[in-house]
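Fold and geometry: a report
Listed below are the residues making up each chain.
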Amino acid sequence: MSKKKILFVVSDFYHNGAQREMYEFDNALNKDKFEVTILSLIGLNSRADLPDYFYEKHLHLGSKVLFLKDFIKKQKKGLAYRISNKLLRNSLDKREKKNNIKRVAMLLDSYNQVVFMGEYVYQYLAPIIPIDYFKKILMFTMCSRFQSEGYRNFEKNNQYVFIGGFDSSEQIDYEFEGFSDYKYKFMPLCLTVSNEFNRWEFNKNNESKKIGIFTRLHKDKPLDPFFYAYQVLLSQGLDVELHVFGVGDYKQAEYDRYINNLDLNDKIYFRGHQSDMKKTILDEKLDLIWFQGYNNLPAGYAGLEACLTGTPQLFWDFFVGKNKQINRLDGDVIYPHYKNLMLFAEASKVVLYDCKVAELLSDRQFQDVFNNRDIFKNISKIEKIFLEE
């Protein structure tokens, strides 16, 4: 049987969640069945603060990497071009766009299937894809509605196959409200698992407790509930520190207004991007990690990585629907999610100072990721979709 040629369209090769998922798929897919090519919308070395972390990793896996800039021409910006284009009533722009559409169609024709790694990736490329080119548009969704409404502007009558980690009909109906013709395929975030880093230990000494947050600093990554909870813990006289790890500028992310209003200047430590998250967690000896959650599931790879160290986590729930396990820290809840600020702060205090509770949470979260999020155990779900759709 000949291999099925798959073109994955990605935004870039930065060290972010969508790019991580692309790498996990590339690493685990059966290369006897699939030939993988990756098309990046952005060229290499586009940002000084973000290295192209996954580029070389894909090459080492033997996958072919293409860049959109090598297949389309950008509109010229010179004065003579702009004047001519205006005199010709934008005909130059229209002609160039028409030519770009042809070039992209020729590229896509070379593959059995095109997979968009993110709704924003499809939205970027859609204007230069021929209308009605796809019978079905296959897409991994990377954002929840609390982060972005970007895919809400899609043509709702197209036929879509959305793939993602939403595991209830309530979530799916809410996320894709307004779309008239779609299938939804469940695929949880998965990664290569190991017990090598499961070395977290409860801090039994009377030392300062350290809470960590791992996230990209951006307006789409809200941190205000955590800042409020931290202020509550400090107001109770607890000796705690909050360390935020991740690329970005906290002022550009507009976190500074919360920090100023809560009198937290010089009390939150922004530590920048970490190339090895698990190593950082263990070296820093974090006692607790706060993370964004979505209806009782970690909302990103950082949460799964943290679980593999055994470091206990608590989550602020950004799901707008009804969460039956909300605001609970008890025996059958693996990923405690909160929407009540005082209960979140109180649960944090319990995990920081109650060894039994912290160790139970640590073990439960590690076991869940180790047993259920192994990419090599779950990749068959994706392979089935690629073969059937």
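Residues numbered from 1 in each chain as written. Predicted model: local features only at pLDDT ≥ 70, side-chain atom pairs only at ≥ 80, totals over all residues. Heavy atoms only, no water.

Details of unusual backbone geometry
Selection rule: Partly exposed describes any residue whose relative accessible area lies between the buried limit of under 20% and the exposed limit of over 50%, with all areas from a 1.4 Å probe on protein chains only and scaled to the type maximum. The helix count covers DSSP runs of H or I at least four residues long, the strand count covers runs of E at least two residues long, and both are numbered beginning at the N terminus.
For N296, which is not glycine, the phi torsion reads 75° and is therefore positive. Looking at N296, the relative accessible area reads 16%, which means it is buried. Despite not being glycine, N327 has its phi angle at roughly 60°, a positive value. On the secondary structure map, N327 appears in the loop between β12 (313–317) and β13 (337–338). The exposure class assigned to N327 is partly exposed, which follows from its relative accessible area of 26%.

Some details on the pairing of strand β2 (residues 34–40)
Selection criterion: Think of it like this: strands point away, you trace from the first strand over the helix to the second, and a clockwise trace means the crossover is right-handed. Two strands make a pair as long as DSSP finds a minimum of two bridges between them.
For β2, the buried fraction is high: six of the seven residues fall into the buried class. In the classification by handedness, the crossover that spans strand β1 (residues 4–10), the intervening helix α1 (residues 17–28) and the parallel β2 is right-handed. Bridge count for β2 against strand β3 (residues 64–67) is four bridges, and the pairing is parallel. Bridge pairing in β3 places T37 opposite K64. For the crossover from β2 across helix α2 (residues 55–60) to β3, the handedness is right-handed.

Comments concerning the pattern of salt bridges
Definition in use: For salt bridges, the criterion is a side-chain nitrogen of Lys or Arg within 4 Å of an Asp or Glu carboxyl oxygen.
Under the defined criterion, the tally for this structure stands at 14 salt bridges. Taken together, the shared-partner salt bridges in this structure form one network comprising R20, E24, K278 and E305.

A short note on the environment of L41
Condition: In what follows, residue pairs with any heavy atoms lying within 4.5 Å of each other are defined as contacts.
Looking at the secondary structure, you find L41 in the loop between β2 and α2. Excluding residues within four positions of it along the chain, L41 makes contact with V9, V10, S11, L68, V121, Y124 and L125.

Topic: the confidence of the model for the protein
The predicted coordinates ought not to be read in detail in places where the model reports low pLDDT. Basically, it comes down to this: Each residue carries a pLDDT score, the predictor's confidence in it, ranging from 0 to 100.
For the protein, per-residue confidence averages 90 on the pLDDT scale, and residues scoring 70 or more make up 93% of the total. Within the model, pLDDT remains below 50 along residues 83–88, and this stretch shows five contacts once partners closer than five positions in the same chain are excluded.

Things to note about the sheet that holds β3
Short version of the rule: Angular values range over 0 to 180 degrees, each being the angle between N-to-C directions of two axes fitted as lines to C-alpha atoms, with helices fitted over their stretch in contact.
Pairing within the open sheet is parallel, and its seven strands lie in the order β3-β2-β1-β4-β5-β6-β7. Bordering the open sheet on either side are β3 and β7 (182–186), each of which pairs with just one other strand. In this sheet, neighbouring strand axes are inclined to one another by 25° on average, regardless of whether the strands run parallel or antiparallel. When β1 meets β2, the two strands line up parallel, connected through seven bridges. Looking at the pairing, K4 lines up with F34 of β2. Lying on the sheet, α1 is in contact with β1, β2, β4 (113–117) and β5 (137–140); it crosses β4 at an angle near 145°.

Here's the deal with helix α9 (residues 277–284)
To be explicit about the condition: Definition of a polar contact: a pair of N or O atoms within 3.5 Å, with one able to donate and the other able to accept a hydrogen when the atoms are protein atoms, and with sequence-neighbouring residues admitted only if both atoms are side-chain atoms.
Most of α9 is tucked away, with six of its eight residues classed as buried. Along α9, the residues classified as buried are M277, K278, T280, I281, L282 and E284. The secondary structure elements touched by the buried residues of α9 are β8 (209–214), β9 (240–245), β10 (268–272), β11 (288–293) and α10 (301–309). A distance of 3.4 Å separates the backbone nitrogen of K278 from a side-chain oxygen at the start of α9, and that oxygen is part of D276. Two residues or fewer after α9 comes K285, characterised by a positive phi angle close to 55°.

Description of the sheet that holds β12
Reading across the sheet, the six strands line up as β10-β9-β8-β11-β12-β13 and stay open at both edges, with parallel pairing between neighbours. If you trace the sheet from one side to the other, it starts and ends with β10 and β13, each paired once. In terms of strand pairing, β9 meets β10 through four bridges, oriented parallel. Across the sheet, L242 pairs through a bridge with I268, a residue of β10.

Focus on the nonpolar core
How we decide: Buried residues of nine kinds, namely Ala, Val, Leu, Ile, Met, Phe, Trp, Tyr and Cys, make up a nonpolar core once their side-chain atoms join them within 4.5 Å.
Of all hydrophobic cores here, the largest spans 67 residues; its most connected members are V9, F116, F227, L242, W290 and L314. Considering every element that reaches this core, the biggest residue donor is helix α7 (residues 224–235), with six residues. Not counting residues within four places of it along the chain, the set of residues in contact with V9 comprises L39, L41, V114, V115, F116, M117, V121 and L125.

Focus: the environment of A28
Turning to its location among the elements, A28 is positioned in helix α1. Sequence separation between A28 and F376 is 348 residues, and the spatial gap between their C-alpha atoms is 5.9 Å. Residues in contact with A28, not counting those within four places in the same chain, are I375, F376, I379 and E383.

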